[in-house]
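Structure at a glance
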Amino acid sequence: LISFLSITSPCSSQSESEISVRDFDVIIGSWQGSLTYLDYTSGKPYTMPANLNVSRTEDASKFIFTSIYPDEPNANSSDTISISPKGERIGSERVKSRAVLLNGNVEIITEDSGQDGNDKKSATFRFTYVLGKTEFGIVKEVRFDGEEDWIERHQYSYTREEAVR
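In short, a report on the structure.

What to know about the overall build of the chain
Across its full length, the chain holds two helices and 11 strands. Ordered by position from N to C terminus, the α and β elements of the chain give α-β-α-β-β-β-β-β-β-β-β-β-β. Relative to its 165 residues, the chain shows a buried fraction of 38%. Counting contacts in the chain only where the partners sit at least 6 residues apart, residues at least 24 apart contribute 45% of the total. Per element, the accessible surface of the chain, about 9,300 Å² overall, is 46% carbon and sulfur.

Let's talk about the packing of aromatic side chains
Tallying each qualifying case throughout the model produces 10 aromatic pairs. Considering the side-chain rings of Tyr-156 and Tyr-158, the 6.0 Å spacing of their centres and the 15° angle between planes classify their relative orientation as stacked. Ring-pair connections join several aromatic residues into one group, and the members of that group are Phe-24, Phe-63, Phe-125, Phe-127 and Tyr-129. Of note, Arg-126 hangs over the ring of Trp-150, and the distance from its end group to the ring centre comes to 4.0 Å. Note that Lys-140 overlies the ring of Phe-125, its terminal NZ or CZ placed 4.4 Å from the centroid.

Concerning the environment of Ile-83
Its location among the elements puts Ile-83 in the loop between strand 5 (77-82) and strand 6 (89-90). Its relative accessible area of 4% is what places Ile-83 among the buried residues. On a C-alpha basis, the gap between Ile-83 and Glu-93 in space is 9.8 Å, while along the polypeptide they are 10 residues apart. Once residues within four sequence positions are removed from consideration, Ile-83 is found in contact with Ile-19, Ser-20, Val-21, Phe-24, Ser-61, Phe-63, Arg-89 and Ile-90.

Observations concerning the layout of surface pockets
Approximately 450 Å³ is the volume found for the largest pocket. Around the largest pocket, the lining is made up of 19 residues, and of these Phe-65, Asp-79, Ile-81, Ile-138 and Tyr-156 lie nearest the centre. When residues of the lining of the largest pocket are traced back to their parent elements, those giving at least two are strand 4 (62-68), strand 5, strand 9 (121-131) and strand 11 (151-159). Among the elements that line the lining of the largest pocket, the one with the most residues is strand 5, at five residues. Looking at the lining of the largest pocket, its residues break down into 10 nonpolar, seven polar and two charged. Contributing to the lining of the second largest pocket are Arg-22, Asp-23, Val-26, Asn-103, Gly-104, Asn-105, Val-106, Leu-131, Gly-132, Lys-133, Thr-134 and Glu-135. The class makeup of the residues in the lining of the second largest pocket is three nonpolar, five polar and four charged.

Procedures and definitions
- Residues numbered from 1 in each chain as written.
- Predicted model: local features only at pLDDT ≥ 70, side-chain atom pairs only at ≥ 80, totals over all residues.
- Heavy atoms only, no water.
- Helix = DSSP H or I, 4+ residues; strand = E, 2+ residues; numbered from the N terminus.
- Buried < 20%, exposed > 50% of the residue type's maximum accessible area, 1.4 Å probe, protein only.
- Contact = heavy atoms within 4.5 Å.
- Areas by Shrake-Rupley, 256 points an atom, 1.4 Å probe, with all protein chains shown as cover.
- Phe/Tyr/Trp six-rings, centres within 6.5 Å; stacked < 30°, edge-to-face > 60°.
- Lys NZ or Arg CZ within 6 Å of the ring centre and 35° of its normal.
- 1 Å grid on protein atoms, 1.4 Å probe; cavity = no way out; pocket = protein on both sides within 12 Å on 5 of 7 lines; lining within 4 Å.
- Points joined across faces, edges and corners; volume = space filled by probe spheres on them.
- Nonpolar A, V, L, I, M, F, W, Y, C, P; charged D, E, K, R; others polar.

Printed below as a string of structure tokens:
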């Protein structure tokens, strides 16, 4: 997370709240990394290896995220995310901001609502995506209704070797 968010000063912005499919083109391919999540039962973070393969569907606005957990293969999964035609949403998440960081990575912050926790409390979710050629991360934060503070729910941190062209 430090490497992803330590350079948070934006150097330019295409729009404060619009993204492009091109933002996600840079992450197509294979990634190695980890997932750290907050175990609500123990109140402690837990980290495990996590790998990711990102590909595009025939529909250019959709990407397939295939998550691979080497230590827990039963948790492996595949999700398809879609970028809305006007770039204001990633799936159901509303884009709040987009910035190009000083290191060239793109940071996208989105919000959504739903339920979380062992007791399924209503909450707002904030996702911070950092997309780059050699690093990719997603941080999910939760703010339960009626609360002021955000809780970091989970963090995916991935890296890969830069492709030789």
